[in-house]
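What follows is each chain in one-letter form.
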Amino acid sequence: MATVYREVDVPSQQGKTALVTGANTGIGFHTARVLAARGARVLLGCRDESRAAEAIAAIQSKLPDADLAWLPLDLASLSSIEKAAGQVQQTESHLDLLINNAGVMVPPKTLTEDGFELQFGVNHLGHFALTGHLLPMLKARADARIVNISSLAHRGAAIDFDDIHAERKYSRMKRYQMSKFANMLFTFGLQQRLEASGSGALAVAAHPGGSNTELGRHIGLMRFLFLPLEWIMNSAAEGALPSLRAATDPDAKGGDYYGPTGMGEFARSAGIAKVDSAARDLEAINRLWGISEALTNVSI
Ligand SMILES: NC(=O)c1ccc[n+]([C@@H]2O[C@H](COP(=O)([O-])OP(=O)(O)OC[C@H]3O[C@@H](n4cnc5c(N)ncnc54)[C@H](OP(=O)(O)O)[C@@H]3O)[C@@H](O)[C@H]2O)c1
């Protein structure tokens, strides 16, 4: 494998089916594009039909044979998630890759359809439920992978178990960090459970460093503070490289975490990234697991 990881390093995905959440833009779009270019059938799990159609048209304008389909999916709704998983089970003969990529960052306080704080609800609980529904299908495949997209922001974060729905206090950034920390706890908890069940499926995580996408849509005037960073940031396509490596590197092991290899893991290429040791805390992993099962009514 070349030292600098590039799109051309993604091996053939012929015969595989991948579901990428939040694939209409940003990192998810480029993850879907490259997987399709390598021969995978790619389901774009998106909430907006026209945005999904635009993404499919953009990919197929360069790759006319790309095998792509829109999967209606709103991660802020448990019923939408269950319906989407049901559609995958009905229409697809198999599922090899689940890329839990969709995310929302620092919105004003909002609740999901089921009353969860939006960032924890979409970024963690929604993906937990989706994974739970699709796990039997994934476990039926020899090389299945579940990839959770976390962030540098998971470092130094914690789950606010005493105020899980942010009823007492809402700090936009802390709740984003908490959701990305949850992505890490979920990855390690899932890998343990996959191993214990004798499944060869892998749970892995990745983060895109700092990538120029639409993620900052809620940061308002703070956007100007980040402008000087834009020239060192990853493009959205570069930001997809850690996700792609986590999903397809034949040498990846369960529980691996990929990120950019440049200074501070902020940008460039893709390799093994640094995990905050708090994310490996078994008590936190199991506590979050129990709460996630109870809130989503999905048992894994
Ligand atoms: N960009 C970075 O620097 C950075 C850094 C660290 C981690 N990340 C992580 O990378 C992942 C991708 O983010 P991005 O930077 O590509 O952001 P983005 O450009 O804003 O894309 C986010 C995607 O998530 C989708 N999404 C949001 N809420 C959803 C919902 N309720 N149901 C279904 N889909 C929903 C969005 O759909 P709509 O277009 O319909 O809103 C969009 O497709 C996120 O998990 C983010 O936390 C990004």
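The coordinates are above.
Residues numbered from 1 in each chain as written. Predicted model: local features only at pLDDT ≥ 70, side-chain atom pairs only at ≥ 80, totals over all residues.

### A word on the overall build of the chain
Then comes step 1: Check the secondary structure of the chain and you find nine helices and 10 strands.
Then comes step 2: Its C-alpha radius of gyration of 18 Å places the chain within 12% of the 19 Å reference for a compact globule of 300 residues.
Then comes step 3: Every one of the 300 residues in the chain was classed for burial, and the buried ones make up 51%.
Then comes step 4: Contacts spanning at least 24 positions in sequence make up 72% of the contacts within the chain whose residues lie at least 6 apart. (Helix = DSSP H or I, 4+ residues; strand = E, 2+ residues; numbered from the N terminus. Rg over C-alpha atoms; globule rule 2.2 N^0.38 Å. Buried ≥ 20, exposed ≤ 12 C-beta atoms within 10 Å, placed from the backbone. Contact = placed C-beta atoms within 7 Å.)

### Considerations on the site of the ligand
Then comes step 1: Contacts to the ligand come from 32 residues, most closely from Gly22, Gly26, Gly103, Ser151 and Thr213.
Then comes step 2: Contributions of two or more residues to the shell around the ligand are made by helix H1 (26–37) and helix H4 (118–139).
Then comes step 3: It is H1 that contributes the most residues to the shell around the ligand, three residues altogether.
Then comes step 4: Split into classes, the residues belonging to the shell around the ligand amount to 12 nonpolar, 15 polar and five charged. (Near = placed C-beta within 6 Å. Nonpolar A, V, L, I, M, F, W, Y, C, P; charged D, E, K, R; others polar.)

### Structural notes on the sheet that holds strand E2 (residues 41–46)
Pairing between the strands of a sheet comes from backbone hydrogen bonds, and it takes one of two forms, parallel or antiparallel.
Then comes step 1: Across the sheet, eight strands lie side by side as E3-E2-E1-E4-E5-E6-E9-E10; this open sheet has mixed pairing. Only two strands of the sheet have a single partner each, and these edge strands are strand E3 (67–72) and strand E10 (271–272).
Then comes step 2: Bridge analysis of strand E9 (residues 257–259) against E10 gives two bridges, and the strand direction is antiparallel. Counterpart to Tyr258 in the pairing with E10 is Ile272.
Then comes step 3: Those strands touched by H4 are strand E1 (17–21), strand E4 (97–100) and strand E5 (145–149), and its axis lies near 175° from that of E4.
Then comes step 4: Packed on one face of the sheet, helix H5 (residues 172–196) meets E5 and strand E6 (202–206) and runs near 165° to E6. (Pairing = 2+ DSSP bridges. Axes fitted to C-alpha atoms, helices over the stretch in contact; angles between N-to-C directions.)

### Focus: helix H3 (residues 78–91)
Then comes step 1: Under the 1.5 Å per step criterion, the end-to-end length of H3 is 20 Å for 14 residues, consistent within 8% with the ideal 20 Å.
Then comes step 2: Every buried residue belonging to H3 is among Leu78, Ile81, Ala84, Ala85 and Val88, and all of these are buried. End-on view of H3: buried residues confined to an arc of 125°, all on one side of the axis. Every exposed residue of H3 that faces more than 90 degrees away from the buried side is listed here: Ser79, Gly86, Gln90 and Thr91.
Then comes step 3: Lining the buried residues of H3 we find E1, E2, E3, H4 and helix H9 (282–296). (Expected span 1.5 Å × (residues − 1). Arc of directions from axis to C-beta.)

### Examining the nonpolar core
Then comes step 1: Residues Val42 and Leu44 are the most contacted members of the largest nonpolar core, which totals 83 residues.
Then comes step 2: Ranked by the residues each element gives to this core, the list is headed by H4, at 11 residues.
Then comes step 3: Not counting chain neighbours up to four residues away, the residues in contact with Val42 comprise Ala18, Val20, Ala32, Leu35, Ala36, Asp67 and Leu68. (Core = buried A, V, L, I, M, F, W, Y, C linked by C-beta atoms within 7 Å.)

### Here we look at the environment of Pro250
Then comes step 1: If you trace the backbone, Pro250 turns up in the loop between helix H8 (241–248) and E9.
Then comes step 2: Measuring from C-alpha to C-alpha, the distance between Pro250 and Ala37 comes to 18 Å, with 213 residues separating the pair along the chain.

### Description of H5
Then comes step 1: Its 25 residues give H5 an end-to-end C-alpha distance of 36 Å, which sits within 8% of 36 Å, the value for a rise of 1.5 Å per residue.
Then comes step 2: Counting buried positions along H5 yields 18 of 25 residues, so the element is predominantly enclosed.
Then comes step 3: Backbone geometry just downstream of H5 places Gly198 in the positive-phi region, at approximately 80°.

Such coordinate-based values are descriptive only and should not be taken to indicate function.
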